[in-house]
Structure formats: structure tokens, C-alpha cells
Amino acid sequence: MYVKNRMNTNVITITEDASISKAFNLMMEHGYSQLPVVRDGKLVGLVTEKVLTEVSPSKATSLSVYEINYLLSKTKVKDIMLKEVITVNPDMLIEEAAVLLRSNDIGSLPVVIENNELVGILTRTDIFDAFIEFLGANDPGTRISLEVKDELGTLADIASIIKQYGINIQHVSNYSVKEGQSEIIIRLNTTEVDDLVNTLQNRGYHILSIIKKN
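Everything numeric in this text was worked out from a predicted model, so none of it was measured. (Residues numbered from 1 in each chain as written. Predicted model: local features only at pLDDT ≥ 70, side-chain atom pairs only at ≥ 80, totals over all residues. Heavy atoms only, no water.)

A.B. asks: Please give an account of the pattern of salt bridges that cites residues and values.
C.D. replies: On inspection of all chains with the given rule, the structure shows 8 salt bridges. Between E147 and K178 there is a salt bridge, with the nearest N and O atoms lying 4.0 Å from each other. Here K178 lies in strand β7 (residues 169-178) and E147 lies in strand β6 (residues 141-149), a separation of 31 residues in the sequence. (Salt bridge = Lys/Arg side-chain N within 4 Å of Asp/Glu carboxyl O. Helix = DSSP H or I, 4+ residues; strand = E, 2+ residues; numbered from the N terminus.)

Written out as C-alpha cells, the structure is:
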């Protein structure tokens, strides 16, 4: 799966000459914590909730409400925006984008193409949704977890057993649990798996859990 399969193309943006009060209002209205700053459709910066909070007068200020509103309306986005923005392109793998989000501890990634043209945005929620789909967490069927030896041909052998019963494998995940051992999680397209489970156990496979979902 690629970034283009999950990014939101209906991006709420702001211009660099807009006031920070407008940025505040846009964030509150749409529930965002970051807004791409654009000029003629091209990304030039990013304004974040954190940055806006840092430049806004504190509650302990002696300024009046009118003075605060005046300051917020006169301060421009270009004066406080982040200019060095981490971006991705539509053809980047979703897992690579997830690593960028995590390693930089940021909430979203603007998606740009040639000449820094903004074409979308990818958020943490989009990443979560993608991995839920990867794992098939919402799909009906059966989730079987097996503890197996981490050796060549194990997954192929399990798949061949499943094939004998005419059952389709929808998703497969593999996790290393300790040296020489792995947990394989297989999601199947049916809840009729009793005979299959018996065969797997008879072949020496250790079943950790079986979860059925209609």
C-alpha cells in the first residue's frame, strides 16, 4: 500500500499572509493540530497548534481582550510558520511514512509532488486505518495464532495444509517472540476451521489462540 492510497486529498490549508487568529479558527473548526501553508498551490510551510500556543499571549497577560485580538489579527502566519517541513510523495510506501511520523514525533505529513505542489496530507489516523486493514482486524472469519520454529519452509507448510481444506488466507503476520521462535497470525475467510486446527495440531504446530468473528 502506498501513501496515495490513504492520503486525504481534501486538504484544509492556509496562506502565509493570513492572520494567526484565522489559523486558530480553522484548526478549531476542523479539529486539526497542523495546517499546511501554501502559495499558489505549493507548500511553503506548516503552522502547528504548538507554535500557535507559543506565540499567543498567556492567560496571565495584562493585555485586554481587545488588545489580544488585535495582536492575533495582525500577526501573520508567515511570521511563525515552520519552513523546514518533512514531506512525503504519493508513491512512498505507507510503512516508510509511518517510520517518518514515529521517528520525528509529528502528527501529519504533507504529500507533495514535483515543485513542492501539495496534493494531500497523511495523518496518524490514516496510518492507523492502513495497519488495521493490513491486519484484517475488522474482517469476518477466523484469526489463528501459532507459535512455530523460525525456520525455512514453515509458513509454506502451514499454507499447504490450509489449502487442503479449500480455505482462503486473507492476511498473514509474523512476529519474532524469542530466538528461534516466531508467532504467525493467520486470518482465514471462514469460521469453519475445527478440522483444520486438528490437522495443524497433529502436525506438531502449537496453537496459541483461535478467535472467530462473524
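A.B. asks: Mind laying out the confidence of the model for the protein, listing which residues take part and the relevant values?
C.D. replies: Per-residue confidence for the protein gives a mean pLDDT of 87; residues scoring 70 or more make up 90%. Note that residues 57-68 has pLDDT below 50 and, in this model, 6 contacts with residues that lie over four places away or in other chains. (pLDDT = per-residue confidence, 0-100. Contact = heavy atoms within 4.5 Å.)

A.B. asks: Would you mind going over the packing of helix α8 (residues 154-164) against helix α9 (residues 194-202) in detail, with residue names and values included?
C.D. replies: With their axes 10 Å apart at the nearest point, α8 and α9 run at an angle of 145° to one another. Along this stretch, α8 crosses α9, giving a crossing that reads as right-handed. Together, I158, I161 and I162 of α8 and L196, T199 and L200 of α9 make up the contact between the two elements. Of the residues in the contact of α8 with α9, the class split is 5 nonpolar, 1 polar and no charged. (Axes fitted to C-alpha atoms, helices over the stretch in contact; angles between N-to-C directions. Left-handed = near helix turned anticlockwise from the far one by under 90°. Nonpolar A, V, L, I, M, F, W, Y, C, P; charged D, E, K, R; others polar.)

A.B. asks: Can you lay out the pairing of β7 for me, pointing to particular residues and giving the numbers?
C.D. replies: Looking at chain direction, β7 and strand β8 (residues 181-188) are connected through 8 bridges and run antiparallel. Within β8, the residue paired with S176 across the bridge is S182. Taking the residues between adjacent antiparallel strands as the criterion, β7 and β8 are bridged by 2 residues, where G180 takes a positive phi near 85°. (Pairing = 2+ DSSP bridges.)

A.B. asks: Explain a nonpolar patch on the surface residue by residue, including any values.
C.D. replies: A grouping of F131, F134, L135 and Y175 is seen on the molecular surface, where their side chains present a nonpolar patch of about 320 Å² in accessible area. Among the elements that take part in the nonpolar patch, helix α7 (residues 124-135) stands out by supplying 3 residues, more than any other. Considering the arrangement of structural elements, one finds Y175 in strand β7. Judged by relative accessible area, which is 38%, Y175 ranks as partly exposed. (Patch = residues over 30% accessible without salt bridge, like charges linked within 9 Å, V, L, I, M, F, W, Y side chains within 5 Å. Areas by Shrake-Rupley, 256 points an atom, 1.4 Å probe, with all protein chains shown as cover. Buried < 20%, exposed > 50% of the residue type's maximum accessible area, 1.4 Å probe, protein only.)

A.B. asks: So what about unusual backbone geometry? Which residues, and what values?
C.D. replies: Glycine aside, negative phi is the norm for most residues, and most peptide bonds take the trans geometry. Even without being glycine, D40 reaches a positive phi, approximately 55°. One non-glycine residue, N115, lies in the positive phi region at around 65°. The residue N115 is located in the loop between β4 (108-112) and β5 (118-123) in this model.

A.B. asks: Just give me the short version of the packing of aromatic side chains, but keep the residues and values in it.
C.D. replies: By convention here, two paired aromatic rings are described through the distance between centres and the angle between planes. This model, assessed by the stated rule, comprises 1 aromatic pair. For the pair F131 and F134, a centre-to-centre distance of 5.2 Å together with 90° between the ring planes defines the contact as edge-to-face. Placement of the pair is F131 and F134 together in helix α7, with a separation of 3 residues, close to one helical turn. Overall, the relative accessible area of 32% leaves F131 in the partly exposed class. Looking at F134, the relative accessible area reads 30%, which means it is partly exposed. Sitting over the ring of Y2, K4 keeps its end group 5.7 Å from the ring centre. (Phe/Tyr/Trp six-rings, centres within 6.5 Å; stacked < 30°, edge-to-face > 60°. Lys NZ or Arg CZ within 6 Å of the ring centre and 35° of its normal.)

A.B. asks: Summarise the sheet that holds strand β2 (residues 34-39); cite the residues concerned and give the values.
C.D. replies: In spatial order, the strands read β1-β2-β3; together these 3 strands make up an open sheet with mixed pairing. Of all the strands in the sheet, the pair left with one neighbour each is β1 (14-15) and β3 (42-48). Inspection of the sheet shows β1 paired to β2 by 2 bridges, in the parallel sense. When the sheet's bridge partners are listed, I14 is paired in β2 with V37. Strand contacts of helix α2 (residues 20-30): β1, β2 and β3, with the helix running at about 130° to β2, the strand carrying the most contacts.

A.B. asks: Summarise α8; cite the residues concerned and give the values.
C.D. replies: All of the buried residues in α8 are T154, I158, I161 and I162. What you see down the axis of α8 is that its buried residues fit within an arc of 100°, all on one side. Along α8, the residues that are exposed and aim more than 90 degrees away from the buried face are A156, K163 and Q164. Trailing α8 by a residue or two, G166 shows a phi angle of about 65°, which is positive. (Arc of directions from axis to C-beta.)

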